[in-house]
Amino acid sequence: MRFFYLAILFTLFFSCTNNNTKTSNLINLIPESTDVVIKTSNLENLKNSINNNDFLSKYSSSESFKNLESHLEIVSHVKPETNILICFSKDDKDSLQYSLITKYNPNLFKTDSLKNYTEELLTYKNKTITKSSLNNKFIYSTLIDSVFFASSSKILVDNVFKEINTNLDFEKIYKTTSDNKTASIILKPN
């Protein structure tokens, strides 16, 4: 009888595992080089607010604004059902890169009806990255657990596989944001 209880105890002990991963928290996938994070629960409302903003409309004809808008064209086809984080960072060449982080859903990124859209699957070292192109603008994406991560930089997508960031300053600020607002903007401390 003692052997029976001991066997049950060992079975329970070794079968209990902690499957909680830090990637289920969107904030942990923010690239380390990020300077600005925009959090929104409704991407369409954010787009409308930007288009109707008097301050931003004055800059909409500038070359920088048009360049950013053309790079973000592919983002307009993303349809998240929950919060989405849009992260802006600079790479080693001082070029602006962006990343999108949200929970995955089957209707997140529909590409069936897009013209000039191509997709290529890159698989190496137990990683799968999708390289998407729309009108000669590229975005790289992957799924980590149930989180969709996409970026204009393949290096940022590769880095997501290497390490999970826990930036306590970002995390503290993130906890103060509201899901009921059109958008919350988090700036990197310092």
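Calculation rules
- Residues numbered from 1 in each chain as written.
- Predicted model: local features only at pLDDT ≥ 70, side-chain atom pairs only at ≥ 80, totals over all residues.
- Heavy atoms only, no water.
- Helix = DSSP H or I, 4+ residues; strand = E, 2+ residues; numbered from the N terminus.
- Contact = heavy atoms within 4.5 Å.
- Pairing = 2+ DSSP bridges.
- Axes fitted to C-alpha atoms, helices over the stretch in contact; angles between N-to-C directions.
- Buried < 20%, exposed > 50% of the residue type's maximum accessible area, 1.4 Å probe, protein only.

> Summarise the environment of L108; cite the residues concerned and give the values.
If you trace the backbone, L108 turns up in the loop between β3 (96-103) and β4 (117-124). Linking L108 and E81, residues 27 residues apart in sequence, is a C-alpha distance of 7.7 Å. Among residues more than four places away in sequence, those in contact with L108 are H77, V78, K79, P80, T102, K103 and F148.

> I'd like a rundown of the sheet that holds strand β5 (residues 127-134), residues and numbers included.
Sheet strands pair by backbone hydrogen bonding; their relative direction is either parallel or antiparallel. Strand order in the open sheet formed by eight strands is β4-β5-β6-β7-β3-β2-β1-β8, and the pairing between neighbours is antiparallel. Either end of the sheet is taken by a strand with one partner, and the two such strands are β4 and β8 (184-187). When strand polarity is set aside, the average angle formed by the axes of neighbouring strands in this sheet is 20 degrees. Bridge analysis of β4 against β5 gives eight bridges, and the strand direction is antiparallel. Bridge assignment links L122 to a residue of β5, and that residue is I129.

> I'd like a description of the pairing of β5, backed by residues and values.
Sheet faces and side chains relate simply in a regular strand, where the side chains alternate between the two faces. With six of eight residues buried, β5 lies mostly within the body of the structure. Connecting β4 to the next strand, β5, in antiparallel fashion are two residues, including K125 with a positive phi near 45 degrees. Relative to strand β6 (residues 137-144), β5 runs antiparallel, the two sharing five bridges. The residue of β6 that forms the bridge with K131 is Y140. Here β5 folds back onto β6 in antiparallel fashion, the turn holding two residues, of which N135 has a positive phi close to 50 degrees.

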